[in-house]
Amino acid sequence: MRDESGKIIVRRFWNRTLESLLLILAVAMGVGAAASGLSLIANIGSYSKETLASPAYREIIVSTQNNATDMTDPVILKPTQDNVVLTTKDLDAATMVPQVAHAYISNQTELRFINQAEAEREATMVRDGFGGPPPEEAATTGVPSSATAATATAGTAASAGTATAPTAATTEIEAVPTPTTSGTGTGTATASSAGTANAGAATGTRTQSARTSDRPPQERFGLSSAELEVAVADASIIIGQQENLAGYRVTPQFFDAWSMKAGSGSLFTDSDLSGTQSIVVLGSEAAMVLAGEGKDPASLVGKKILARQGYQTVVGILQSTGKAVYDGAYFTPYRSGATGFGGGPPMRSMNTQLRFSVADPKSLTETAAGLTEWFDSQYGEGRIVVSNPRAETERLMARNTGIGLLILFLSLAGLFIASVNVSNILMGRGLRMRKNVGILMALGASRAAIITLFAKEALAISAAGSLLGALLALPLSASMRNALGITGGSWWYLLVGIAAAWVPTIIFSLMPARQNSMIDPAQAMRVA
Amino acid sequence: MITLQNVGKAYDLGDVKVHALKNLSLTIDRGEYIAVMGPSGSGKSTLMHILGILDSITSGRYMLEDYDITNLPDKEQARIRNKHFGFIFQSFNLFSELSALENVMLPMSYAGIAYKARKERASALLEEVGLTSRMHHLPTMMSGGEQQRVAIARALSNEPDLILADEPTGNLPSDKGEEIMRILEGFNARGVTIVMVAHNPEQGKRAKRRLYIKDGELQRDELNATYSLEKIDA
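Reading guide: rules and limits
Residue numbers run consecutively from 1 along every chain, following the written order of its sequence. Throughout, the order in which chains and ligands are written sets their labels, letters from A for the former and numbers from 1 for the latter. Per-residue local features are limited, in this predicted model, to residues with pLDDT of at least 70; the limit for side-chain atom pairs, both in listing and counting, is 80 or more; totals at the level of whole chains, interfaces and linings are taken over all residues. Going along the chain from the N terminus, every DSSP run of H or I of four or more residues is numbered as a helix, and every run of E of two or more is numbered as a strand. Any residue whose C-beta has 12 or fewer other C-beta atoms within 10 Å is treated as exposed, any with 20 or more as buried, and any in between as partly exposed, C-beta atoms being built from the backbone. Contact between two residues is assigned when their C-beta atoms, built from the backbone, lie within 7 Å. The rule for pairing is simple: two strands pair if DSSP sees at least two bridges between them. Axis angles are defined between N-to-C directions and span 0 to 180 degrees, where every axis is a line fitted to C-alpha atoms and, for a helix, only to the segment in contact. Any helix carries an expected span of 1.5 Å times its number of residues minus one. Arc definition: directions from the helix axis to the C-beta atoms. Working rule for angles: under 35 degrees goes down as roughly parallel, over 145 as roughly antiparallel, 65 to 115 as roughly perpendicular, anything else as oblique. Take the far helix as your reference; a near helix turned counterclockwise from it by less than a right angle gives a left-handed crossing, and one turned clockwise gives a right-handed crossing. Lys, Arg, Asp and Glu make up the charged group, whereas Ala, Val, Leu, Ile, Met, Phe, Trp, Tyr, Cys and Pro make up the nonpolar group; the residues left over, Gly among them, are polar. Note on terminology: a nonpolar core is a set of buried residues of type Ala, Val, Leu, Ile, Met, Phe, Trp, Tyr or Cys, with members joined through C-beta atoms within 7 Å. Confidence per residue, as judged by the predictor, is encoded in pLDDT with a range of 0 to 100.

When its secondary structure is counted, chain A shows 16 helices and 12 strands. Here chain A holds 528 residues, and the buried ones make up 47% of them.

This is the structure in structure tokens:
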């Protein structure tokens, strides 16, 4: 620094290290707290807006009592007197409630790939005596021993709380169409239903329960190593390199409700619900992964995915939705057991949740009332639960906003107190320099020069404090967001919060500078 | 150079109005060496502050080189103080955070003189007052006489028209006071105008002109017939 008057301030600053550091710390704490509070309230606002903008919060969920009370548990495990079963036919309720725009079912499921690694793993397990079918069963079905392993892949409990489904995902307890094995030429057309009642294996572990005598054997589509080699060589067959792929069993209006469009091929139609062919639509990311690096995902359309559930023909690939949970998934038609396969009788009892979405969220309450009336008339009063996830979420958001405002108020109060104290200390420093101010004016300093001199000191202190405050705000803000369950958010809010919190600090810091410049030099000289 | 016409200064203390200066008229020419004398509270310091435009006047006119500077804006007043006046105080008033050299450089920074140029000039001035070896010392490490010599160098840094010295030897022992008086008189001999408040009558007698102030009024304005530069040089 080559400015002598600036040197006076800098050296005075270091000569009073403790006082100077306390000033910086006071600014840091005030700015840190206020910036965190401001960014928190901004994050709550944007998170609420973003969350409620999701189609998941424009729908009413209809479920049976059992399915509604504890959606995270497999329904089959809950002893119940309830014999109400909801099927795709119940989606007809939409026609009775004019506010409903789309009615659909969306249940989580999973596709297990067959590939070399999986075949080797199973061969090892069978050799070690785990998971394989009883010898006689393997013999009678003609299915390679590896085929009956991995019993607990489907029908496992679906986890709740995904990003897009505010309520628990449904556990599917129904029969699914028998996958065909056409094109393999192996004669192992024994693929059977996935996800049968092996809900006891809630985490997908292999259990012995699948072999209990009161349940049908867990038959799976499988291939011998030689057959797998043939499949790998077939260009029309897709071999997934990963273990599995998350997906959804959906009815066609699901795509409309979530504004999903086919990028290649086509989506399902109502006729696919009653068909028997195993078809899938792939999310954009899932298609890219399956296609492999550098290959066009659109080339997958028409090909078949080799999976435990049998060959799954890819009929379409979705455009990107921007939602990882859907872009990375596959979709297969939801086929109600009520109709049976190939026109046959219903295979098993099933239950599900029905979703009715509306165009305008304001009509959700009215829609819920209309649906309640309809389902009460169909199944009896109180037997069906009609829930409005948006209402519950709005209550949660309102609570978060309240907490956020309280934190903001307290943090701004902290900032105000810190700023006033900083201002007072700077004023005190200025008063102690009163004599020096008079001398500086006698030597030729104008009032503007005096303001500039003290303003530099104030700005340096508030800048250093704000920088430290920003460092404090980073973990503090993250911790506040975590405490309130706010995900996502933007660092911009924190930056804006720091800038906004800095403004009052600057104003309060500059006030003493102006005050000091108003000192009458003659009076100051008398002091001198 | 400076003309005060019927200058008055009153302080309003609520119920009481104190007249520090009353209808004071005065002319100061270049090169003069003036001692302002009078008892405590007579208005000597007020006159010095008004001359240095550190204080405003409540009546009359203040002319500097034929310009009326009675009501100049703050920025212009600061410029005149910086360029035309040099101040020397009884208690030195050096900045303890700055070295002797930096103290002398300070007024030049307000005049917009470049760092190198002001450093060179400050060094030369300190050499002139005999402090070459002490220029990087802080004031706290210097004696009173040395500090006042730094203050003199500082007052001369922008080559002012007028040095205003308020009892410059008041805080010094007599030998050091004599030293300071000789330095000031030496600069006066080279053409620097000096107005000095002198509490000590002996010092007042050394000036070319003496102003006696009492109760805010100029009682006497007399030339020193016995003033001799040769005596000073001796």
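The next subject is the overall build of chain B. What chain B contains, in helices and strands, is eight helices and 10 strands. Of all 234 residues assigned to chain B, the portion counted as buried reaches 49%. When contacts within chain B are restricted to residue pairs at least 6 apart in sequence, long-range pairs at least 24 apart make up 70% of them.

In this assembly, 23 residues from chain A lie in contact with 24 residues from chain B. Of the residues forming the side of chain A that touches chain B, the biggest block, six residues, is contributed by helix H1 (residues 4-15) of chain A.

Residue and element names in this part refer to chain B. The strand order across the open sheet built from four strands is S2-S1-S4-S5, with neighbouring strands paired in antiparallel fashion. Each edge of the open sheet is held by one strand with a lone partner, namely strand S2 (16-28) and strand S5 (67-68). Bridge count between strand S1 (residues 2-13) and S2: nine bridges; the pairing is antiparallel. Looking across to S2, one finds that Thr3 is bridged to Thr27. Taken strand by strand, helix H1 (residues 44-51) contacts S1 and S2, and its axis lies near 120 degrees from that of S1.

All names here are of chain B. Looking at chain direction, S1 and strand S4 (residues 59-64) are connected through five bridges and run antiparallel. When the bridges of S4 are listed, Ile2 appears paired with Leu64. Between S1 and S2, which pair antiparallel one after the other, the connecting turn spans two residues, and Gly14 there sits at a positive phi close to 85 degrees.

With that settled, consider helix H4 (residues 115-128) of chain B. Residue and element names in this part refer to chain B. Over its 14 residues, H4 runs 20 Å from end to end, which matches the ideal 20 Å to within 8%, given 1.5 Å per residue. Among all positions in H4, only Arg118, Ala122, Leu125 and Leu126 are buried. Considered in projection along H4, the buried side chains sweep an arc of 95 degrees and stay on one side of the axis. Across from the buried face of H4, at angles greater than 90 degrees, the exposed residues are Lys116, Ala117 and Ala124. Buried positions along H4 lie against helix H3 (100-110) and helix H5 (144-156).

Moving on, we get to the sheet that holds strand S1 (residues 59-64) of chain A. Residues and elements named next belong to chain A. Pairing is antiparallel across the open sheet formed by four strands, whose spatial order is S2-S11-S1-S12. At either margin of the open sheet sits one strand with a lone partner, and together these are strand S2 (100-104) and strand S12 (384-387). Across the sheet, the mean angle from the axis of one strand to that of its neighbour is 20 degrees, orientation sign disregarded. In this sheet, strand S11 (residues 354-358) lies alongside S1 in antiparallel orientation, the contact comprising four bridges. Residue Glu59 lies in a different strand from S11, and its bridge partner there is Ser357.

To characterise two packed helices, one gives the angle between the axes of the helices and the distance between these axes. All names here are of chain B. Where H3 meets H4, the axes come as close as 9 Å, and the angle between the chain directions of the two elements is 125 degrees. Classed by the angle they form, the pair H3 and H4 counts as oblique. Along this stretch, H3 crosses H4, giving a crossing that reads as right-handed. Contacts between H3 and H4 pair Ala100, Leu101, Val104, Met105, Met108 and Ser109 from the former with Arg118, Lys119, Arg121, Ala122, Ser123, Leu125 and Leu126 from the latter.

Okay, the environment of Asn171(B) next. All names here are of chain B. Within the element layout of this structure, Asn171 appears in the loop between strand S7 (162-166) and helix H6 (174-189). For Asn171, a count of 16 C-beta atoms within 10 Å puts it in the partly exposed group. In the structure, Asn171 is positioned 82 residues away from Phe89 in sequence and 9.7 Å away in space, judged by C-alpha atoms. Not counting the four nearest positions on each side in its chain, Asn171 is found in contact with Gln90, Ser91 and Gly144.

The subject of this paragraph is the packing of H1(A) against H3(B). Running from N to C, H1(A) and H3(B) cross one another at 125 degrees; their axes reach a closest spacing of 8 Å. In terms of orientation, H1(A) lies oblique with respect to H3(B). Contacts between H1(A) and H3(B) involve Glu4(A), Ser5(A) and Lys7(A) from the former and Glu102(B), Met105(B), Leu106(B) and Ser109(B) from the latter. Split into classes, the residues belonging to the contact of H1(A) with H3(B) amount to two nonpolar, two polar and three charged.

Glancing now at the nonpolar core. Grouped together as the largest cluster of nonpolar side chains are 118 residues, with contacts concentrated most on Ile34(B), Val36(B), Leu126(B) and Met196(B). Among the elements that line this core, the one with the most residues is helix H2 (residues 17-53) of chain A, at 14 residues. Once residues within four sequence positions are removed from consideration, Met196(B) is found in contact with Ile34(B), Ala35(B), Val36(B), Ala165(B), Pro168(B) and Ala207(B). Counting residues in hydrophobic clusters, the runner-up holds 56 residues, among them Trp258(A), Leu282(A), Ala287(A) and Val358(A).

Regions with low pLDDT carry predicted coordinates that are not meant to be interpreted in detail. All names here are of chain A. Looking at chain A, pLDDT values average 76 and 74% of them are 70 or higher. Counting contacts from residues 70-80, a segment whose pLDDT is below 50, to residues more than four positions away or on other chains yields 24 contacts. Per-residue pLDDT stays below 50 along residues 338-349; that stretch engages in 18 contacts with residues further than four places along the chain or on separate chains.

Residues and elements named next belong to chain B. Here the phi dihedral of Glu65 falls at roughly 50 degrees; this positive angle occurs in a residue that is not glycine. One non-glycine residue with positive phi stands out, namely Glu167, at about 45 degrees. In this fold, Glu167 is placed in the loop between S7 and H6. Taking the C-beta count within 10 Å as the criterion, Glu167 has 22 such neighbours and is therefore assigned buried.

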